[in-house]
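# Topology and contacts: notes
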Amino acid sequence: MIGYIYLSLALFAGVAKGFCGKKISGSMQTFRDCLFINATRMLFCVAIGFVLVIINWDFSDLPLNASSLGVYLLSAVGMTTFCVCWMYAYKQDAYIFLNIFTMLGSMVTCLLSFIVYREPIAWQQWLGMAILLSAVIIMSKYNTKIKGKLSWLGICILIAGCLGCAVTDFSQKIYMTSIGDSVAVFNFYTYAFGFVILLIMQACIMGRQKGFEITEDVIEKKNVFAYFAMSLFLFLNTSLKTLAAGILPSAQIYPVLQGANLILSGLMAHFLFKEKLNTRSIVAMTLAFIGLIIMNT
């Protein structure tokens, strides 16, 4: 029961995070804007994580060793890739399409857990994942209709973001299974290393001015609260998923979470972002719901 409570809370934190990201992306104009926004929210997450380490008094888990460092870096690379790609994709693709595309990442996570940890995947869970995959294909047609045909760059960004999401989720499973049990420490290091990665990326393009200036609207003080809110929901989402990963198998966490997220995000996109639902999107959401039910039977 407690595992599903974690999942439910992670779901609502993820939907809130997506809403903030979609709204903030309206101010973003350049790739450097994208890096700045993500570096800012990573920094907020580092601060939140360190405060929780202090509150939980988890200092015994802070020392780094080869195994823990590798997992933290893996998580940081995956998280950074996902955040940058998805923030950039918010401006290019339909919001509901991005949410359904992340289901592919959840399937990769399940397969990795099956291969590495021999976590069983029952026949109905395989069937459910196949149905979710069909929902992704149908939703891609919906995205093409309202946003136009995907470019090769757009496809590469989606694939990179999808794999980044899968790597981040799988690193949670590795940590809770083999390394430690302090969620606060895990998330602190994930965002700390992620922040460093984004600073390095910023430095690499610092010398190129044309097309890479930070847009004035992005650095205005009025956006600071929005960045903090997005950071808080991002931190809650990853923390709660990490807690669930220590209790439930991957096949009961990530596809289920993404399926439920799809339904809520579809309603939010329709009512708040004016992405009108049509036959394709309704069919895709229905299939996702059916897949969700099958995977939990």
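Located above this text is the structure these notes cover.
One structure accompanies this document, and this report is about it. None of the values given here were measured: they were computed from a predicted structure.

### As for unusual backbone geometry
Phi at Arg118 takes a positive value of approximately 55 degrees, unusual for a residue other than glycine. Relative to the elements of secondary structure, Arg118 occurs in the loop between helix H4 (95–117) and helix H5 (123–147). Residue classification places Arg118 among the exposed positions, given a relative accessible area of 63%.

### Re the side chain of Asn38
Structurally, Asn38 is set in helix H2 (residues 31–56). According to the relative accessible area criterion, Asn38 is buried, its value standing at 0%. A polar atom in the side chain of Asn38 sits 2.8 Å from the side chain of Arg41.

### Looking at the packing of aromatic side chains
Using the criterion set out here, one finds 11 aromatic pairs in the structure. Summarising the aromatic geometry, the rings of Tyr189 and Phe193 are spaced 5.9 Å apart at their centres and angled 20 degrees between planes, so their arrangement reads as stacked. Here the residue Tyr189 and the residue Phe193 both occupy positions in helix H7 (residues 183–205), the gap between them amounting to 4 residues, near one helical turn. Ring-pair connections join several aromatic residues into one group, and the members of that group are Phe50, Tyr72, Tyr175, Phe186, Phe188, Tyr189 and Phe193.

### Structural notes on empty space enclosed by the protein
Applying the stated criterion across every chain yields a total of 2 cavities of 30 Å³ or more. Here the second largest cavity defines a volume of roughly 60 Å³. Put simply, the parts of the chain that give the lining of the second largest cavity at least two residues each are helix H1 (2–24) and helix H3 (66–89). Ranked by residues supplied to the lining of the second largest cavity, first place goes to H3 with 4 residues. Counted by class, the lining of the second largest cavity contains 6 nonpolar, 1 polar and 2 charged residues.

### Notes on the environment of Ile197
Mapping Ile197 onto the fold places it in helix H7. Overall, the relative accessible area of 25% leaves Ile197 in the partly exposed class. Along the primary structure Ile197 and Thr81 are separated by 116 residues, whereas in three dimensions their C-alpha atoms are 9.9 Å apart. With near-sequence residues (within four places) excluded, Ile197 lies in contact with Ala76, Val77 and Thr80.

### Considering a nonpolar patch on the surface
Where nonpolar side chains cluster on the molecular surface, the patch consists of Met1, Ile2, Ile5, Leu9 and Ile247 and spans about 510 Å² of accessible area. Tracing the sequence through the fold places Ile247 in the loop between helix H8 (224–245) and helix H9 (254–272).

### Here's the deal with the packing of helix H6 (residues 152–179) against H7
Between H6 and H7, whose axes approach to 11 Å, the crossing angle comes to 140 degrees. In terms of orientation, H6 lies oblique with respect to H7. As H6 runs across H7, the sense of the crossing is right-handed. Two secondary-structure elements touch here, H6 through Ser171, Gln172, Tyr175 and Met176 and H7 through Val183, Val185 and Phe186. A per-class count over the contact of H6 with H7 returns 5 nonpolar, 2 polar and no charged.

### Quick word on the environment of Tyr189
Among the residues examined, Tyr189 registers a relative accessible area of 11% and is labelled buried. Remark: the alpha-carbon pair of Tyr189 and Leu64, spanning 125 residues in sequence, is separated by 9.8 Å.

### A look at the packing of H2 against H8
At their nearest, the axes of H2 and H8 sit 8 Å apart, and the two run at 55 degrees to each other. Of the possible angle classes, the one that applies to H2 and H8 is oblique. Classified by chirality, the crossing of H8 by H2 is right-handed. From H2, Phe36, Ile37, Thr40, Arg41, Phe44, Cys45, Ile48, Gly49 and Leu52 reach across to H8, where they touch Val224, Tyr227, Phe228, Met230, Ser231, Leu232, Leu234 and Phe235. Taken together, the residues of the contact of H2 with H8 sort by class into 13 nonpolar, 3 polar and 1 charged.

Criteria and thresholds
- Residues numbered from 1 in each chain as written.
- Predicted model: local features only at pLDDT ≥ 70, side-chain atom pairs only at ≥ 80, totals over all residues.
- Heavy atoms only, no water.
- Helix = DSSP H or I, 4+ residues; strand = E, 2+ residues; numbered from the N terminus.
- Buried < 20%, exposed > 50% of the residue type's maximum accessible area, 1.4 Å probe, protein only.
- Polar contact = N/O pair within 3.5 Å; in protein donor to acceptor, adjacent residues only side chain to side chain.
- Phe/Tyr/Trp six-rings, centres within 6.5 Å; stacked < 30°, edge-to-face > 60°.
- 1 Å grid on protein atoms, 1.4 Å probe; cavity = no way out; pocket = protein on both sides within 12 Å on 5 of 7 lines; lining within 4 Å.
- Points joined across faces, edges and corners; volume = space filled by probe spheres on them.
- Nonpolar A, V, L, I, M, F, W, Y, C, P; charged D, E, K, R; others polar.
- Contact = heavy atoms within 4.5 Å.
- Patch = residues over 30% accessible without salt bridge, like charges linked within 9 Å, V, L, I, M, F, W, Y side chains within 5 Å.
- Areas by Shrake-Rupley, 256 points an atom, 1.4 Å probe, with all protein chains shown as cover.
- Salt bridge = Lys/Arg side-chain N within 4 Å of Asp/Glu carboxyl O.
- Axes fitted to C-alpha atoms, helices over the stretch in contact; angles between N-to-C directions.
- Parallel < 35°, antiparallel > 145°, perpendicular 65-115°, else oblique.
- Left-handed = near helix turned anticlockwise from the far one by under 90°.

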